[in-house]
Amino acid sequence: MEQGTPKPPERERTPRERLLELERSGQYVFHGSARSIETLEPRQGRDFSERTGRMEPDGAPAVAATEHADVAIFRALVNPEQFPGSGYGSGFGVADGKPHFEATQEVLDGIKDKAGYVHVLLKRGFQPVRGEWRAEEPVRPESIVRVTADDLPIDEIALKND
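Residues numbered from 1 in each chain as written. Predicted model: local features only at pLDDT ≥ 70, side-chain atom pairs only at ≥ 80, totals over all residues. Heavy atoms only, no water.

Asks: Looking at this model, I keep getting lost on the overall build of the protein chain. Mind explaining?
Replies: Across its full length, the protein chain carries three helices and 11 strands. Shown N-terminal to C-terminal, the secondary structure of the protein chain runs as helices and strands in the order α-β-β-β-β-α-β-β-α-β-β-β-β-β. With respect to the three principal axes, the spread of C-alpha positions in the protein chain is 70 × 40 × 30 Å. For the protein chain, buried positions account for 36% of its 162 residues. Considering only contacts in the protein chain between residues 6 or more positions apart, those separated by 24 or more positions represent 72%. Surface summary for the protein chain: the accessible area is close to 10,300 Å², and the carbon and sulfur share equals 47%. Across the protein chain, the 22 positively charged side chains and the 29 negatively charged ones have centroids separated by 3 Å. (Helix = DSSP H or I, 4+ residues; strand = E, 2+ residues; numbered from the N terminus. Buried < 20%, exposed > 50% of the residue type's maximum accessible area, 1.4 Å probe, protein only. Contact = heavy atoms within 4.5 Å. Areas by Shrake-Rupley, 256 points an atom, 1.4 Å probe, with all protein chains shown as cover. Lys, Arg positive; Asp, Glu negative; His and termini not counted. Charge placed at Lys NZ, Arg CZ, Asp CG, Glu CD.)

Asks: Can you walk me through the sheet that holds strand 1 (residues 28–33) in this structure?
Replies: Working definition: the strands of a sheet are paired by backbone hydrogen bonds and lie parallel or antiparallel to each other. Spatially, the three strands line up as an open sheet ordered 1-7-10, and their pairing is antiparallel. Both outer strands of the open sheet, strand 1 and strand 10 (143–148), are each paired with one neighbouring strand and no more. Mean inter-strand twist for the sheet, computed between neighbouring axes without regard to direction, equals 30°. The strands touched by helix 1 (residues 15–25) within the sheet are strand 1, strand 7 (115–122) and strand 10, with strand 10 carrying the most contacts at an inclination of about 135°. (Pairing = 2+ DSSP bridges. Axes fitted to C-alpha atoms, helices over the stretch in contact; angles between N-to-C directions.)

Asks: Please clarify how the pairing of strand 5 (residues 90–95) should be interpreted in this entry.
Replies: When a strand is regular, its side chains alternate between the sheet's two faces. Summarising the sheet, strand 5 and strand 6 (residues 98–103) pair through six bridges and their orientation is antiparallel. Bridging across to strand 6, Phe 92 finds its partner in Phe 101. Hairpin connection, strand 5 to strand 6: the antiparallel pair is bridged by two residues, and Asp 96 has positive phi, about 55°.

Structure follows, in structure tokens:
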């Protein structure tokens, strides 16, 4: 470009691109929710027990977060609040450091008009516990990013049979 010629404006980054940049910094963890929450309060986690065959309390009440922005985006959009009164066939996990997702076609169709929020949290104050990060004290987000189905890593979501 010639000197004095203005540069074309840079394309604004998508919410997912901004979150992935924060993820790469290693300084943050993320919490996805259907709602924007000013202060995240510790809640009692539950997990399926192979021993009892039921959902059981899992550790002390805590704020749960993930170091994977895509997991938080998925959870912000695919959760019981977004699908009240109905099942929402979906799943997610992390294997070999890479998130994986699955959802039914009904869920994928149902999130097209939904929005959720990813809460960006400083990693300090969180401890790693079995694949997630937990803080036993209330946490105020550094920022809250609104996300939509456009921010999902849709090509990485496996179709789940009902």
